[in-house]
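One-letter residues, chain by chain:
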Amino acid sequence: MSGVPETGSGLARWFGSFADLSLADQRAGAELVKAGGAIQGSVEDILPRLRRTRMMALLREGEGGRIVGAGALKTPLRHYRQGRFANAGASIAGFEEAPELGYVVVHSDRRGQMLSGDLVEAISAAIHEPAFATTDSNTMRNNLERSGFLRVGTDWQGSKGTLSLWVIDPGRSQSL
């Protein structure tokens with residue numbers, strides 16, 4: 001499940017298993033996720049979390065060039081997933097085993113080019129089961145909505161800002 005089609009921005013898009021990346025690309029991806037603030041901790045703390053993802057999407061400057069964007073379809077721990085739905089006051093029914101779209105970051109010198117939307121779109125297109133996302137970013141809220149996610153429940157205060165819960169279920173009506 002990997003590919004390298006060019007995006008409209010002249011960047012190469014790659015998606016697949018984190019394990020399929022070279023060790024150098026794994027480290028570069030982890031450094032980008034750290035720099036973007038998607039996960040707190042050292043690169044060494046972040047690498048095992050990225051290795052547990054179901055799928056990664058990357059944007060790079062040409063084939064084999066610098067990684068400038070990353071996002072993932074994660075396998076969150078059960079208590080984390082339950083907590084997100086509980087915080088939003090939303091029913092978890094149908095999402096008990098759902099993956100989470102997250103770790104979406106764009107290199108600081110590439111922000112403002114709508115690249116996060118490309119990452120969210122690429123990951124969303126690969127979702128074939130109920131999934132969710134949480135965010136405190138207006139940009140991500142817009143990206144999620146454009147990619148077919150629906151906002152559910154009520155917002156709550158997170159450590160960095162006000163969080164909202166978003167869900168997508170390709171097998172159900174979009175009137176959750």
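Summarised in this report is the structure supplied together with it. Keep in mind the model is a prediction, meaning the values are calculated, not measured.

### What about helix H2 (residues 43-51)?
Inference 1: Along H2, the residues classified as buried are Val43, Ile46, Leu47 and Leu50. Viewed end-on, H2 has its buried residues packed into an arc of 110 degrees, placing them on one side of the element.
Inference 2: For H2, the secondary structure elements touched by its buried residues are helix H1 (23-35), strand E2 (55-60) and strand E4 (100-106).

### Some words on the layout of surface pockets
Inference 1: The volume enclosed by the largest pocket comes to roughly 1,200 Å³.
Inference 2: The wall of the largest pocket is formed by 42 residues, among which Gly37, Ala38, Tyr103, Thr134 and Lys160 lie closest to the centre.
Inference 3: Ranked by residues supplied to the lining of the largest pocket, first place goes to E4 with seven residues.
Inference 4: Residue composition of the lining of the largest pocket, grouped by class: 16 nonpolar, 17 polar and nine charged.
Inference 5: As a volume, the second largest pocket reaches approximately 160 Å³.
Inference 6: Going through the elements one at a time, helix H4 (115-125) and helix H5 (138-146) are the ones with two or more residues in the lining of the second largest pocket.
Inference 7: Ranked by the residues each element gives to the lining of the second largest pocket, the list is headed by H4, at four residues.

### Side note on the packing of aromatic side chains
Inference 1: Within this structure, the stated rule accounts for two aromatic pairs.
Inference 2: With a centroid separation of 5.4 Å and 65 degrees between ring planes, the pair formed by phenylalanine 85 and phenylalanine 132 is classed as edge-to-face. Of the two residues, phenylalanine 85 is situated in helix H3 (residues 78-88) and phenylalanine 132 in strand E5 (residues 131-135); the sequence distance between them amounts to 47 residues. Residue phenylalanine 85 shares its accessibility class with phenylalanine 132, and that shared class is buried.

### A word on the pattern of salt bridges
If charged atoms from side chains of opposite charge come close, those side chains can pair.
Inference 1: By the definition in use, this model includes 10 salt bridges.
Inference 2: One salt bridge in this structure joins arginine 13 and aspartate 118, with 2.4 Å as the shortest N-O distance. Highlighted residues: arginine 13 in strand E1 (residues 12-16) and aspartate 118 in helix H4, separated in sequence by 105 residues. Pair check on accessibility: arginine 13 and aspartate 118 agree, each one buried.
Inference 3: Linking glutamate 97 and arginine 78 is a salt bridge whose minimum nitrogen-to-oxygen distance equals 2.9 Å. Residue glutamate 97 is found in the loop between H3 and E4, and its partner arginine 78 is found in helix H3; the two are separated by 19 residues along the sequence.
Inference 4: For glutamate 97, a relative accessible area of 49% translates into the label partly exposed.
Inference 5: Through salt bridges with shared partners, a single ionic network connects Glu61, Arg66, Asp109 and Arg110.

Criteria and cut-off values
Residues numbered from 1 in each chain as written. Predicted model: local features only at pLDDT ≥ 70, side-chain atom pairs only at ≥ 80, totals over all residues. Heavy atoms only, no water. Buried < 20%, exposed > 50% of the residue type's maximum accessible area, 1.4 Å probe, protein only. Helix = DSSP H or I, 4+ residues; strand = E, 2+ residues; numbered from the N terminus. Arc of directions from axis to C-beta. Contact = heavy atoms within 4.5 Å. 1 Å grid on protein atoms, 1.4 Å probe; cavity = no way out; pocket = protein on both sides within 12 Å on 5 of 7 lines; lining within 4 Å. Points joined across faces, edges and corners; volume = space filled by probe spheres on them. Nonpolar A, V, L, I, M, F, W, Y, C, P; charged D, E, K, R; others polar. Phe/Tyr/Trp six-rings, centres within 6.5 Å; stacked < 30°, edge-to-face > 60°. Salt bridge = Lys/Arg side-chain N within 4 Å of Asp/Glu carboxyl O.

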